[in-house]
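Coordinate inspection notes
Below, each chain spelled out in residue letters.
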Amino acid sequence: MPHGDAEYRWTTISRATSYSGRVTLSTHAVRIDDASEISYEVDESIPYAVATLVVDDHQTVLLTRQYRYPIDRWIYDLPGGAGSADETPRDAAQRELEEELGLRANELRHLHTFYVNPGRAAWPVHVFMCDAGTTAGSVELSDRAERVRLVRMPIAKLDALIASGDIVDPTLLIARTAAAARGVLPALG
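The structure reproduced in this document is the subject of the present report. All values reported here derive from a predicted model rather than from experimental measurement. (Residues numbered from 1 in each chain as written. Predicted model: local features only at pLDDT ≥ 70, side-chain atom pairs only at ≥ 80, totals over all residues. Heavy atoms only, no water.)

Description of the packing of aromatic side chains
Put simply, the test is: Geometry of aromatic contacts follows a simple scheme: Phe, Tyr and Trp rings, the Trp one being its six-membered ring, pair when their centres are within 6.5 Å, and the pair is stacked under 30 degrees between planes, edge-to-face over 60, tilted otherwise. Strands here mean DSSP runs of E at least two residues long; helices mean DSSP runs of H or I at least four residues long; both are numbered from the N terminus. Only protein chains enter the accessibility calculation, which uses a 1.4 Å probe; a residue whose area is less than 20% of its type maximum is buried, one above 50% is exposed, and one in between is partly exposed.
Summed over the entire model, instances satisfying the criterion amount to 2 aromatic pairs. The interplanar angle of 75° and the centroid separation of 5.3 Å between the aromatic rings of W10 and Y40 together place this pair among those described as edge-to-face. You can see W10 sitting in the segment before β1 (11-20) and its partner Y40 sitting in strand β3 (residues 37-43), a full 30 residues away along the chain. Looking at W10, the relative accessible area reads 38%, which means it is partly exposed.

The following block contains the structure:
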């Protein structure tokens, strides 16, 4: 345990992949502040994730509606997904927006970066915003596990779904909050 208010960092001694599939788990041997060693599992599935909050006419957002098997329900979320090491987060956000909704953003602005589970996952989520319009692109249909529906939703309805607890996607919640905090969308209703 740290002494007083001193901050410390762990030191990685070794790292080995424990499992690799759609998810990659690695086991790290780390030295903590008192020089003892512990084993720590880390989700290293992807380099990073991206999502885009698309605002249409300053009153409507474009969302995705997808079935999410781990929680056995259909949810609203943002178009997005995994980025690869050979593309920038902005390029990955543009690609994911086109693959999922068949839209290309005229402009993407960085809105926020966060970690879904900083205690166990090593990858950040880069959230972008598009409020400068879109053009038509091509939907990608090759991933059978990903069937995405486009939903145009008034911001007031989104806020009501947030208030009722019906919005469960953390990226959508964070994007809505960050957009309001920056003044690019109205305060949550």
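Now that the structure is up, let's keep going.
Description of the sheet that holds strand β2 (residues 24-31)
We count it as follows: In short, DSSP must find at least two bridges between two strands for them to pair. All axes are obtained by fitting lines to C-alpha atoms, using only the stretch in contact for helices, and the reported angles, taken between N-to-C directions, cover 0 to 180 degrees.
Within the open sheet, the 3 strands sit side by side as β1-β2-β3. Their pairing is antiparallel. The strands lining the two open edges of the sheet, one partner per strand, are β1 and β3. Each adjacent strand pair in this sheet contributes to an overall mean axis angle of 25°, direction not counted. Two elements, β2 and β3, share 7 bridges in a ladder whose sense is antiparallel. Across the sheet, V30 pairs through a bridge with I38, a residue of β3.

Quick word on the nonpolar core
What counts is decided by this rule: Residues belong to one nonpolar core when they are buried, are Ala, Val, Leu, Ile, Met, Phe, Trp, Tyr or Cys, and are joined through side-chain atoms within 4.5 Å. Residues are treated as being in contact if the distance between any of their heavy atoms lies within 4.5 Å.
In terms of nonpolar packing, the biggest core is built from 27 residues, with L53, V61, L63, Y76, L111, M153 and L158 touching the most fellow members. Each residue touching V61, except ones within four places of it in the same chain, is listed here: L53, V54, V55, V151, R152, M153, I155 and L158. Y48, A92, L97 and C130 belong to the second-largest nonpolar core, a separate cluster that totals 13 residues.

Regarding helix α1 (residues 89-101)
Note the threshold: The span expected for a helix works out to 1.5 Å for each residue beyond the first.
Its 13 residues give α1 an end-to-end C-alpha distance of 18 Å, which sits within 8% of 18 Å, the value for a rise of 1.5 Å per residue. Restricting attention to buried positions, one finds in α1 the residues A92, A93, Q94, E96, L97, E98, E100 and L101. Looking at the buried residues of α1, the elements they touch are β4 (48-56), β5 (60-68), β7 (80-83), β8 (103-105), β10 (125-130) and β12 (149-154). Backbone geometry just downstream of α1 places G102 in the positive-phi region, at approximately 70°.

Quick notes on the pattern of salt bridges
For clarity, the threshold we go by: Salt bridge criterion: a side-chain nitrogen from Lys or Arg within 4 Å of a carboxyl oxygen from Asp or Glu.
Scanning all chains against the criterion turns up 10 salt bridges. Put simply, R104 and E98 hold a salt bridge, and the shortest N to O gap is 3.0 Å. On the basis of relative accessible area, R104 is assigned to the partly exposed category, the value being 32%. Several salt bridges share partner residues, and in doing so they unite E87, R95, E96 and E99 into one network.

A few points about the environment of V42
You can see V42 is positioned in strand β3. A sequence separation of 78 residues divides V42 from R120, and the C-alpha atoms of the two residues are 5.0 Å apart. Setting aside chain neighbours within four positions, we find V42 in contact with T24, L25, S26, H28, R120 and A122.

Description of helix α2 (residues 155-164)
Heads up, the rule is: This arc is taken over the directions from the axis of the helix to the C-beta atoms.
All buried positions along α2 are accounted for by I155, L158, D159, L161 and I162. Taken around the axis of α2, the buried residues stretch over an arc of 160°, which confines them to a single face. Away from the buried face of α2 by more than 90 degrees, exposed residues A156 and A163 are located. Elements in contact with the buried residues of α2: β5, β6 (73-77), β12 and α3 (170-181). Immediately downstream of α2, the backbone of G165 shows phi near 85°, a positive value.

A few points about unusual backbone geometry
The bulk of non-glycine residues show a negative phi, and the bulk of peptide bonds are trans. Its identity as a non-glycine residue notwithstanding, H58 has a phi of 60°, on the positive side. Locating H58 in the fold gives a position in the loop between β4 and β5.

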